[in-house]
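Take a look at the letters that make up each chain.
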Amino acid sequence: MKHEVTSMYTKKALSESLKRFMQTKPFSKITVSEIIEDCGLNRKTFYYHFADTRDLLKWTFEQEAIEVVKSFDLLIDYEDAILFVMDYLEKNQHMLNCVYDSVGRDELKIFLYNDFFEIGNMIVSSAEKAVGVQLSEDYKRLVVTFYTEGIAGIIIEWMKGEIKLDKADTVKYISSIFRNGLPAIIKNV
């Protein structure tokens, strides 16, 4: 148990260091050497936990946002989950813009895609149970992909200010799409 606590503390320290550097430098210019020096750790410790700075960034997103979203009952609390994501985006806008500016829209979407896909799969699976229908694997994958692409695109565009809606309207409209669209898609196979 003590090792797990120490490991989590180390990972959080590395994550906080990365976020501090992102306040002043492009993500692509931040080095492992800078992070470990800032934390007072050695290179071996960094590579024990993470493959590179992208891996550290992915872990940071997963810990701060993705795992929290997964803890919601996404069929019932999807509005709360969407609001949490929007709040996270606002709170961490500089960090996310730093990543966006370094890797670009498509790469950021690819970077987040697996986590978004897993969340989309959870939502569709919950909707299947609620409606009492089991989709074929091919159709389910298509529906999950459709929602994943939509959510990822909308969130990135909202973050970059390309969608000119306030947060409340964005949450309301996305929620409406889930509430009305997903059951209809599942029922009408």
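Our structure is the block above this text.
What you see is a predicted model, and the numbers here were worked out from it, not measured in a lab. (Residues numbered from 1 in each chain as written. Predicted model: local features only at pLDDT ≥ 70, side-chain atom pairs only at ≥ 80, totals over all residues. Heavy atoms only, no water.)

A. Structural detail: the pattern of salt bridges. Taken as a whole and judged by the stated rule, the model has 11 salt bridges. Residue Lys58 pairs with Glu62 through a salt bridge whose shortest N-O separation is 3.4 Å. Taken as a pair, Lys58 and Glu62 lie in helix H4 (residues 53–71) at a separation of 4 residues, close to a single helical turn. (Salt bridge = Lys/Arg side-chain N within 4 Å of Asp/Glu carboxyl O. Helix = DSSP H or I, 4+ residues; strand = E, 2+ residues; numbered from the N terminus.)

B. Representation of the packing of helix H6 (residues 93–131) against helix H7 (residues 137–159). Between H6 and H7, the least distance of the axes is 7 Å, while the angle of their chain directions is 145°. Crossing of H6 against H7: the hand is right-handed. Its residues assigned to classes, the contact of H6 with H7 shows 14 nonpolar, 8 polar and 7 charged. (Axes fitted to C-alpha atoms, helices over the stretch in contact; angles between N-to-C directions. Left-handed = near helix turned anticlockwise from the far one by under 90°. Nonpolar A, V, L, I, M, F, W, Y, C, P; charged D, E, K, R; others polar.)

C. Summary view of the nonpolar core. Counting residues in each nonpolar core, the largest one holds 55 residues, and the members touching the most others are Met22, Phe61, Leu108 and Leu182. Looking at this core, the elements with two or more residues in it are helix H1 (2–22), helix H2 (32–39), H4, helix H5 (78–91), H6, H7 and helix H8 (167–187). In terms of residues, this core owes the most to one element, H6, which gives 15 residues. When residues no more than four places from it in sequence are discounted, the contact partners of Leu182 are Ile123, Val124, Ala127, Val143, Tyr147 and Ile177. (Core = buried A, V, L, I, M, F, W, Y, C linked by side-chain atoms within 4.5 Å. Buried < 20%, exposed > 50% of the residue type's maximum accessible area, 1.4 Å probe, protein only. Contact = heavy atoms within 4.5 Å.)

D. Structural detail: the environment of Thr148. Of note, Thr148 is situated in helix H7. Overall, Thr148 belongs to the buried group, its relative accessible area being 1%.

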